[in-house]
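Each chain, written out:
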Amino acid sequence: MGLNLETQIGKIQLKNPVLVASGTFGHAKEFAPLIDLKKLGGIVTKTITLKPRLGNPPTRIVETPSGMLNAIGLQNPGVEKFIEEKLPYFRKLKIPIIVSAMAYTVEEFAEVVKILDREDGIDGFELNLSCPNVSYGTKSGSARMFAHDEKMIEEVVGAVRKVTSKTLIAKLGPDVSDIARMAMAAERGGADAVALINTFTAMVIDLKTRKPVLANKTGGLSGPCVRPIAVRMTWDVCRQTKIPVMGIGGIMNANDALEFLVAGAKAIQVGTANFVNPNASIEILEGIQAFMKKNKISNIQEIIGSVKNT
Amino acid sequence: MFKERCVIEENKKIAPGHYSIRLRSSKISKKSKPGQFVQVLCSDSYEPLLPRPFSFLDVDKNSFSFLYQVVGKGTKILSALKRGDEVSILGPLGQGFSLKNAKSIVLVGGGVGIPPLYHWAKECVTKLKVSAKNIHVFLGARDKSLLLCEKEFKKLGVHFYAATDNGSRGHKGFVTELVGEHLDRTTSVGGKNSAPDVVRMYTCGPTPMLKAVSALAKKYDVSCEVSVEVPMACGFGACLGCAIKVKKDDGHRFAIACCEGPVFQAKEILWD
Ligand SMILES: Cc1cc2nc3c(=O)[nH]c(=O)nc-3n(C[C@H](O)[C@H](O)[C@H](O)COP(=O)(O)OP(=O)(O)OC[C@H]3O[C@@H](n4cnc5c(N)ncnc54)[C@H](O)[C@@H]3O)c2cc1C
Ligand SMILES: Cc1cc2nc3c(=O)[nH]c(=O)nc-3n(C[C@H](O)[C@H](O)[C@H](O)COP(=O)(O)O)c2cc1C
């Protein structure tokens, strides 16, 4: 039986719905000795900023029950070096490449994407509106994440929309009371899709020293422990928006991925699982194919959004 | 770098709370270098979730071994595994030790930092043709039972010096005190040796020891390689979790210990 796993995110036609999540796949090269990168539905790059970022001091990670906290602090070479040193490798893979970008102001967001938009080999942009590990340095001095404010989401997506006609994805964070409203704001701003979720802001304290384990004090929680919440959020957003959703959060195996697809996600991204098993993304893809064969489903679209609400 | 399910050939207690495990893999053992490590998935059930890093202790054609201390969840699970069981291994990973012309090699190890130094000493003697007489091994431990690999080092014929906290073997006190005396005797900075310095130090163990050895290297102006131990998630440069502060021009940057290290030049590291 021929299987059709094709799915669409904005203008990007994906040969299958399995992508890898920003910040969990290095610059892809690291995985080349272990997996056939060309099999992936697509790659979302580590978040890039206008200027290089050193990242946070150590300790940057700590394990938690069925999960981990990270406060990497967006260590990245900056947009220019990214184009010069990292992009050529991605280009050669000939699979959809989505560049994740982040900035501290609306104008800077547009500037970064404008610079990237001139380059060949980029199929779309994922706006990281939801990194919990950097301070956004607003005038009042209080850290404010774009993803926490509907108006800001709409404004920043709208500003970036003006500088690119490529696929634009807003990546949302889960630390909000109603994520569907945030997704609708992105839709109003002109996003082609939303990706959710980024990590939950969380903390671990060392009882010996009574200090937070992470130098950044707080970090982002990811891994299997967040998955049921991410599935619920995916389901919530899919019911209330028209634009496609990319489901992310604790996907370790094919069954996890299928839950998101059934909930309505048009594609999924594999994150923390890449650290546990570098081959996880490919095994998830193969597992989805096996599920389709076993259940005599020839087209992935029959699975997407098939959740029974009654 | 390979990902393999490896069969356990042996997993035995060698000291209180310490085990030595040997796993079958010709691919991994063929490529491994002293100072490199493997990532071990202690459980397939996501609990604990992340793989655990361990340095090579020894390799032969078809297998490799590492030595571990039981400190938590992962190592506890590992210690209960039996001959014939399988574990998922990723490796070899990281950059190992390097040898540039050195007349005299000084190894300083403590705790579970000792095994990679044994691997290195063995390689120097058997493959790199360094005379065992020119290798000086300094080990520190709480008690003589934790002077890991003592017998194996002695079998290589290297000079062996020990320090224990309780005085049960060798010098009573810090191993770095012995190292200081040794450098005093053998380097020109120490003033008692007119020959040019071609001493090279290698160290692995608890961070306070690494700092003390780095300070000695600076004081006596000898080159020194340090194998650092920092929390890691992926182990191959994908997550950027295992940062370590190193010099860059006049400032600093965060090197990624799993792929740029775990072995660094002592003079590059900016200890806090
Ligand atoms: C490159 C590298 C090489 C290593 N080689 C060896 C080796 O050859 N032999 C060996 O026994 N160990 C080695 N380690 C350390 C080893 O990886 C940890 O002891 C192991 O991950 C602990 O896992 P666990 O699940 O048993 O403990 P956990 O349950 O994760 O932790 C138990 C306790 O130990 C502490 N802990 C955990 N990891 C570390 C750490 N890295 N440093 C200090 N405290 C820690 C935790 O904070 C906690 O209090 C190495 C580490 C690195 C980075
Ligand atoms: C170490 C680490 C680094 C991450 N870096 C980024 C990043 O740079 N940009 C981003 O949008 N998300 C980043 N994320 C979030 C992931 O892309 C993903 O949204 C999140 O981890 C939830 O998925 P998971 O549970 O499958 O990991 C990072 C996550 C981890 C664990």
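All values reported here derive from a predicted model rather than from experimental measurement. (Residues numbered from 1 in each chain as written. Chains lettered and ligands numbered in written order. Predicted model: local features only at pLDDT ≥ 70, side-chain atom pairs only at ≥ 80, totals over all residues. Heavy atoms only, no water.)

So, the site of ligand 1
All names here are of chain B. Around ligand 1 lies a shell of 17 residues, among which Arg52, Pro53, Gly74, Thr75 and Glu229 are the nearest. With respect to ligand 1, the side chain of Arg52 contributes an N or O atom lying 2.7 Å from an oxygen atom. Contact between ligand 1 and Thr75: an oxygen atom at 2.4 Å from a side-chain N or O atom of the residue. Protein chains bury 70% of the 890 Å² of accessible surface belonging to ligand 1 in isolation. (Near = heavy atom within 4 Å. Polar contact = N/O pair within 3.5 Å; in protein donor to acceptor, adjacent residues only side chain to side chain. Areas by Shrake-Rupley, 256 points an atom, 1.4 Å probe, with all protein chains shown as cover.)

Comments concerning the interface of chain A and chain B
Listed per partner, the contact involves 33 residues of chain A and 28 residues of chain B. Here chain A and chain B share an interface that buries about 2500 Å² over both sides, 68% of which is from carbon and sulfur atoms. Linking chain A with chain B are one salt bridge. Salt-bridge contacts for Arg52 of chain B lead to Glu63 of chain A; the nearest nitrogen and oxygen are separated by 2.9 Å. Connecting chain A to chain B are eight residue pairs in polar contact (both at pLDDT 80 or more). Elements supplying a minimum of two residues to the side of chain A that touches chain B: strand 5 (61-64), strand 6 (67-70) and helix 7 (273-276) of chain A. Ranked by residue count, the leading element in the side of chain A that touches chain B is helix 7 of chain A, at three residues. (Contact = heavy atoms within 4.5 Å. Buried area = accessible area lost by both parts, 1.4 Å probe. Salt bridge = Lys/Arg side-chain N within 4 Å of Asp/Glu carboxyl O. Helix = DSSP H or I, 4+ residues; strand = E, 2+ residues; numbered from the N terminus.)

Concerning the site of ligand 2
The local shell around ligand 2 holds 24 residues, among which Ser22, Thr47, Lys171, Gly250 and Thr272 of chain A are the closest. Chain contributions to the surroundings of ligand 2 come from chains A and B. The contact in question runs from an oxygen atom of ligand 2 to an N or O atom on the backbone of Ile197 of chain A, over 2.9 Å. Separating an oxygen atom of ligand 2 from a backbone N or O atom of Gly223 of chain A is a distance of 2.8 Å. Calculation on ligand 2 without its partners gives an accessible area of 610 Å², and the protein chains cover 98% of this total.

Observations regarding the pattern of salt bridges
Residues and elements named next belong to chain B. Across all of its chains, the model carries 23 salt bridges over all chains by this definition. Note that Glu9 and Arg24 form a salt bridge whose closest N and O atoms lie 2.9 Å from each other. Placement of Glu9 in strand 1 (residues 2-15) and of Arg24 in strand 2 (residues 18-24) is noted, with a sequence separation of 15 residues between them. For Glu9, a relative accessible area of 17% gives the class buried. Given a relative accessible area of 45%, Arg24 falls into the partly exposed group. The shortest N-O distance in the salt bridge between Arg200 and Glu225 comes to 2.8 Å. Of this pair, Arg200 sits in strand 12 (residues 199-204) while Glu225 sits in strand 13 (residues 223-227), placing them 25 residues apart in sequence. If you follow the salt bridges from partner to partner, you end up with Glu9, Glu10, Lys12, Arg22 and Arg24 in one network. (Buried < 20%, exposed > 50% of the residue type's maximum accessible area, 1.4 Å probe, protein only.)

A look at the sheet that holds strand 16 (residues 263-265) of chain B
All names here are of chain B. Strand order in the open sheet formed by seven strands is 11-10-9-8-12-13-16, and the pairing between neighbours is mixed. With one partner strand each, in any of the chains shown, strand 11 (171-172) and strand 16 form the two edges of the open sheet. As paired elements, strand 9 (residues 135-141) and strand 10 (residues 159-164) share six bridges and run parallel to each other. Counted as the bridge partner of Phe138 is Tyr161 from strand 10. Strands in contact with helix 5 (residues 175-186) are strand 8 (104-110), strand 9, strand 10, strand 11 and strand 12; relative to strand 9, the strand with the most contacts, it is inclined by about 155°. (Pairing = 2+ DSSP bridges. Axes fitted to C-alpha atoms, helices over the stretch in contact; angles between N-to-C directions.)

Some points on the environment of Phe264 of chain B
Residue and element names in this part refer to chain B. Of note, Phe264 is situated in strand 16. By relative accessible area, Phe264 is classed as buried at 4%. For the pair Phe264 and Gly140, spaced 124 residues apart in the sequence, the C-alpha separation amounts to 21 Å. Beyond its immediate stretch of four places on either side in the chain, Phe264 contacts Cys224, Glu225, Val226, Val228, Ile244, Val246, Ala255, Ile256, Ala257 and Ile269.

What about the pairing of strand 9 of chain B?
Residue and element names in this part refer to chain B. In terms of residue burial, strand 9 counts as a mostly covered element, since seven of its seven residues are buried. As judged from the six bridges shared by strand 8 and strand 9, these two strands associate in the parallel manner. Of the residues in strand 9, the one forming a bridge with Val106 is His136. Taken together, strand 8, helix 3 (residues 114-126) and strand 9 constitute a β-α-β crossover, and its handedness is right-handed. For the crossover from strand 9 across helix 4 (residues 150-156) to strand 10, the handedness is right-handed. (Right-handed = clockwise from strand over helix to strand, strands pointing away.)

Things to note about the domain arrangement of chain B
Residues and elements named next belong to chain B. The assigned domain composition of chain B is domain 1 (2-93) and domain 2 (104-231). Taken together, the contact between domain 1 and domain 2 spans 15 residues of the former and twelve residues of the latter. Buried surface at the junction of domain 1 and domain 2, both sides included, amounts to about 1200 Å², of which 68% is carbon and sulfur. When the buried surface of domain 1 facing domain 2 is broken down by residue, Pro34, Leu57 and Leu67 rank first, second and third, together holding 41% of it. Here Asp58 makes a salt bridge to Lys122, at a shortest N to O gap of 3.0 Å. (Domains from an automatic or database assignment.)

Focus: a nonpolar patch on the surface
All names here are of chain A. On the surface, Met203, Ile205 and Leu207 cluster together into a nonpolar patch covering about 340 Å² of accessible area. Examined against the element boundaries, Ile205 turns out to sit in strand 12 (residues 205-206). Overall, the relative accessible area of 48% leaves Ile205 in the partly exposed class. (Patch = residues over 30% accessible without salt bridge, like charges linked within 9 Å, V, L, I, M, F, W, Y side chains within 5 Å.)

Here we look at the nonpolar core
In this structure, Ile43, Leu129, Val157, Val194 and Ile288 of chain A together with Met201 of chain B are the most contacted members of the largest nonpolar core, which totals 140 residues. With seven residues, the top contributor of residues to this core is helix 1 (residues 78-93) of chain A. In this view, Val194 of chain A contacts Ile169, Ala170, Leu172, Ala183, Ala186, Val237, Ile243, Pro244, Val245 and Met246 of chain A; residues no more than four positions away in its chain are not counted. (Core = buried A, V, L, I, M, F, W, Y, C linked by side-chain atoms within 4.5 Å.)

As for the side chain of Ser88 of chain B
Residues and elements named next belong to chain B. Its location among the elements puts Ser88 in strand 7 (residues 86-93). Under the relative-accessibility criterion, Ser88 is labelled buried at 10%. Polar contacts involving the side chain of Ser88 include one to the side chain of Arg5, which spans 3.1 Å. Beyond its immediate stretch of four places on either side in the chain, Ser88 contacts Glu4, Arg5, Gln39, Val40 and Leu41.

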